[in-house]
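Per-entry structural report
So you can see what is in the structure, the chains are spelled out below.
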Amino acid sequence: MSPPADANANANVGQKVVQYENFINEVLKRDLQKVLEQRDGVYEKISQYLQLKNTVQSLQEAESQQLKTDVDLGCNFYVQAEVDDSSRIFVAVGFGFFVEMTHDEALRFIDKKTSQLTAFTEQLTKDSAKIKANIRMVLEGLRELQGLSDPPDETGRDVF
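Everything numeric in this text was worked out from a predicted model, so none of it was measured. (Residues numbered from 1 in each chain as written. Predicted model: local features only at pLDDT ≥ 70, side-chain atom pairs only at ≥ 80, totals over all residues. Heavy atoms only, no water.)

Together, Val71, Leu73, Phe77 and Val79 give the surface a local cluster of nonpolar side chains, amounting to about 350 Å² of exposed area. Mapped onto the elements, valine 79 comes out in strand 2 (residues 78–83). (Patch = residues over 30% accessible without salt bridge, like charges linked within 9 Å, V, L, I, M, F, W, Y side chains within 5 Å. Areas by Shrake-Rupley, 256 points an atom, 1.4 Å probe, with all protein chains shown as cover. Salt bridge = Lys/Arg side-chain N within 4 Å of Asp/Glu carboxyl O. Helix = DSSP H or I, 4+ residues; strand = E, 2+ residues; numbered from the N terminus.)

Tracing the backbone shows arginine 39 in helix 1 (residues 5–62). No salt bridge is formed by the buried arginine 39; its nearest oppositely charged neighbour, aspartate 40, is found at 4.5 Å. In this structure, arginine 39 is in contact with Thr121, Leu124, Thr125 and Ser128, ignoring residues within four places of it in sequence. (Buried < 20%, exposed > 50% of the residue type's maximum accessible area, 1.4 Å probe, protein only. Lys, Arg positive; Asp, Glu negative; His and termini not counted. Contact = heavy atoms within 4.5 Å.)

In this structure the tally under the stated criterion is three salt bridges. One salt bridge connects aspartate 111 with lysine 53, and the closest N-O pair in it is separated by 2.9 Å. Of the two residues, aspartate 111 sits in helix 2 (residues 103–146) while lysine 53 sits in helix 1, which places them 58 residues apart along the sequence. Residue classification places aspartate 111 among the partly exposed positions, given a relative accessible area of 38%. A salt bridge links arginine 88 to glutamate 100; the shortest N-O distance between them is 3.3 Å. In this pair, arginine 88 is assigned in strand 3 (residues 88–94) and glutamate 100 in strand 4 (residues 97–102), connecting sequence segments 12 residues apart.

Below, the discussion takes up the pairing of strand 1 (residues 67–72). Judged from the six bridges that link them, strand 1 and strand 2 form a sheet pairing that is antiparallel. Paired with leucine 67 across the two strands is valine 83, which belongs to strand 2. In textbook terms, the turn of a hairpin is the stretch between consecutive antiparallel strands, and for strand 1 and strand 2 this stretch comprises five residues, one of which, glycine 74, has a positive phi near 120 degrees. (Pairing = 2+ DSSP bridges.)

The structure is reproduced here in structure tokens:
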């Protein structure tokens, strides 16, 4: 005797549900996590460049050539440093390279770099929205496959 057709259909549906759940958990959520972590790293770089911009602007306002500062040698071990001529600074431009610049050059570079990084974060935000939409689409497919009703609409609140 062969098993009933209804049992085979339920088994196939169960297998499809497991495959889709695995796809969501192993592919889409992992991709979303990577994109969000990458975006957070870019936001951190933007923060560092804006901090540098504030420092350069305060150096320009002070109009002093000498500068006393604390330098982090690593592991939060600081030493005092004295800079005789602070009219030129070294700016990290990427890939471990530093370029010596005047204050004005550094400010122009920082503005360009932050606008470039901001555009990159906007692209990463769009990518994360696409991945979230894909997750939602697969979840809707799962809901249809299992014959579940639509979830309640949570856009509004019932006051009374």
